[in-house]
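A structural walkthrough
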Amino acid sequence: MAALRIQYGGTFDPVHNGHLGVARSARDRLQAGVWLMPAADPPHKGPTAADAQERLAMLQLAIAGQKDLHVDDRELRRDGPSWTVDTLTDLRREIGDEAPLAILIGADSFLGLPSWKEWQLLIDFAHIVIAERPGSVIDPHALPEQLRNFAEPHWCMRASELHQVPAGRLLRLKLPLRPESSSELRSRIAQGQSWHEWVTRPVADYIDQHRLYGVNPRPSAPTR
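Residues numbered from 1 in each chain as written. Predicted model: local features only at pLDDT ≥ 70, side-chain atom pairs only at ≥ 80, totals over all residues. Heavy atoms only, no water.

1. Some details on the layout of surface pockets
Taken as a whole, the second largest pocket spans an internal volume of roughly 210 Å³. Lining of the second largest pocket is provided by Arg 29, Leu 30, Pro 140, Trp 155, Cys 156, Met 157, Ala 159, Leu 171, Arg 172, Leu 173 and Lys 174. Sort the elements by how many residues they give to the lining of the second largest pocket and strand E6 (residues 170-174) lands first, with 4 residues. (1 Å grid on protein atoms, 1.4 Å probe; cavity = no way out; pocket = protein on both sides within 12 Å on 5 of 7 lines; lining within 4 Å. Points joined across faces, edges and corners; volume = space filled by probe spheres on them. Helix = DSSP H or I, 4+ residues; strand = E, 2+ residues; numbered from the N terminus.)

Spelled out as C-alpha cells, the structure:
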C-alpha cells in the first residue's frame, strides 16, 4: 500500500510558525508526508488579506528544505469555492482509490463539519485527523447528535490504522498550545507591533518587501 498522505488546508494568510508546528507534528507522529493546501475562495470565511499568489509564495518559502512538507496549489488553480469534497474527489482521481489519504482539520472546524458541502461523504474519500489543543478538544460523547452519529463508527485510537486502509477513520491528534494566529499576526503587523518572530525569516522578508498587511516602512538610515 502507498504511503499515507495528509492534506492540511487553510487560507495561510499568512503562514506562521503555528501552522508549521502543526504540520511537523502531524508528519512526525503520523509518519506521513504533509501537503499544505492554500484555499482560493474559502466558503466559510471572508476575503483574504493577501492574494492567492502571495499566500502561495509565502508557503513555498516557509517549507523550503523541510523534510516531507509540501505545497499543493490545486485549489488555487480551480475556479470557484474551495469545497473539500471536490478537492478529495480530484485527489482520488490522481492517487487512486487504494492509497491512504487524510485531511487535517482543527477541532473547531470538525464541530462545524455539518455546514460543509456533502460533509458526510468526506469519510468515504479520506481519514479525518482532528488537531486538538488545550482548551479546544473534542469529547466524542458530547457532540451534537448528528455529528456524534456520523463519527461514532469511525473513531480510532492508533495512528497505524490510518496506514492500513485508504479512508474511513477519525483520529484525534493532541498538540501543544501555541500563541500564533493569522488574525493576531495581521493585527500586529498593521499596528507596528513585534511580529517577525512569529514567522520564518524568508516569510518575514517577503512581507516586508511586498508591504503586506499594512506593514510599516522601515526607517531610512540617517543622513549627514
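2. Here's the deal with the packing of aromatic side chains
Under the counting rule described, the total for this entry stands at 3 aromatic pairs. Positioned above the aromatic ring of Trp 35, the side-chain terminus of Arg 5 is 4.0 Å from the ring centre. (Phe/Tyr/Trp six-rings, centres within 6.5 Å; stacked < 30°, edge-to-face > 60°. Lys NZ or Arg CZ within 6 Å of the ring centre and 35° of its normal.)

3. Observations concerning helix H2 (residues 52-63)
A rise of 1.5 Å per residue sets the reference length of H2, with its 12 residues, at 16 Å; its end C-alpha atoms lie 17 Å apart and thus fit the reference within 8%. Every buried residue of H2 is accounted for by Glu 54, Arg 55, Leu 56, Ala 57, Met 58, Leu 59, Ala 62 and Ile 63. Buried positions along H2 lie against helix H1 (17-30), strand E2 (33-38), strand E3 (69-71) and helix H9 (201-210). The distance from a side-chain oxygen at the start of H2 to the backbone nitrogen of Gln 53 is 3.1 Å, and the residue carrying that oxygen is Asp 51. Phi for Gly 65, located one or two positions after H2, is positive at around 80°. (Expected span 1.5 Å × (residues − 1). Buried < 20%, exposed > 50% of the residue type's maximum accessible area, 1.4 Å probe, protein only. Contact = heavy atoms within 4.5 Å. Polar contact = N/O pair within 3.5 Å; in protein donor to acceptor, adjacent residues only side chain to side chain.)

4. What about the nonpolar core?
Across soluble globular proteins, nonpolar side chains have a tendency to be buried as a group. Core analysis: the largest hydrophobic core is formed by 41 residues, its most contacted members being Ile 6, Leu 30, Met 58 and Leu 104. Setting aside anything within four residues of it in sequence, one finds Ile 6 in contact with Ala 26, Leu 30, Ala 32, Gly 33, Val 34, Trp 35, Ala 102 and Leu 104. With 22 residues, the next largest nonpolar core counts Ile 103, Leu 122, Leu 143 and Leu 170 among its residues. (Core = buried A, V, L, I, M, F, W, Y, C linked by side-chain atoms within 4.5 Å.)

5. A look at the sheet that holds E2
Hydrogen bonds between backbone groups are what pair the strands of a sheet, and the pairing can be parallel or antiparallel. Pairing is parallel in the open sheet, where 6 strands are placed in the order E3-E2-E1-E4-E5-E6. Here the strands that pair on one side only, and so sit at the sheet edges, are E3 and E6. When strand polarity is set aside, the average angle formed by the axes of neighbouring strands in this sheet is 30°. (Pairing = 2+ DSSP bridges. Axes fitted to C-alpha atoms, helices over the stretch in contact; angles between N-to-C directions.)

6. Digging into H1
Because each turn of an α-helix spans 3.6 residues, side chains separated by three or four positions end up pointing in the same direction. Look at H1: 19 Å from first C-alpha to last across 14 residues, which is about the 20 Å you get at 1.5 Å a residue. Looking only at H1, the buried set comprises Asn 17, Gly 18, His 19, Leu 20, Gly 21, Val 22, Ala 23, Ser 25, Ala 26, Arg 27 and Leu 30. After H1 finishes, the residue Gln 31 shows a positive phi value of roughly 50°.

7. Regarding the packing of H2 against H9
The contact between H2 and H9 brings their axes to 8 Å, and the two run at 150°. One finds that H2 runs roughly antiparallel with respect to H9. Considering how the two elements wind past one another, H2 and H9 form a crossing that is right-handed. When H2 is examined against H9, the residues Glu 54, Ala 57, Met 58, Leu 61 and Ala 62 are found in contact with a partner set consisting of Pro 202, Val 203, Tyr 206 and Ile 207. Among the residues making up the contact of H2 with H9, the classes are represented as 8 nonpolar, no polar and 1 charged. (Parallel < 35°, antiparallel > 145°, perpendicular 65-115°, else oblique. Left-handed = near helix turned anticlockwise from the far one by under 90°. Nonpolar A, V, L, I, M, F, W, Y, C, P; charged D, E, K, R; others polar.)

8. Quick look at the pattern of salt bridges
In the structure shown here, the tally under the stated rule is 18 salt bridges. With its nearest N and O atoms 3.9 Å apart, the salt bridge here joins Asp 13 to Arg 186. On the criterion of sequence distance, the pair formed by Asp 13 in the loop between strand E1 (5-10) and H1 and Arg 186 in helix H8 (residues 182-190) is long-range, its members being 173 residues apart. By relative accessible area, which is 28% here, Arg 186 ends up partly exposed. The residue Arg 74 makes a salt bridge to Glu 94 at a minimum N-O spacing of 2.8 Å. Placement of the pair is Arg 74 in the loop between E3 and helix H3 (84-95) and Glu 94 in helix H3, with a sequence separation of 20 residues. (Salt bridge = Lys/Arg side-chain N within 4 Å of Asp/Glu carboxyl O.)

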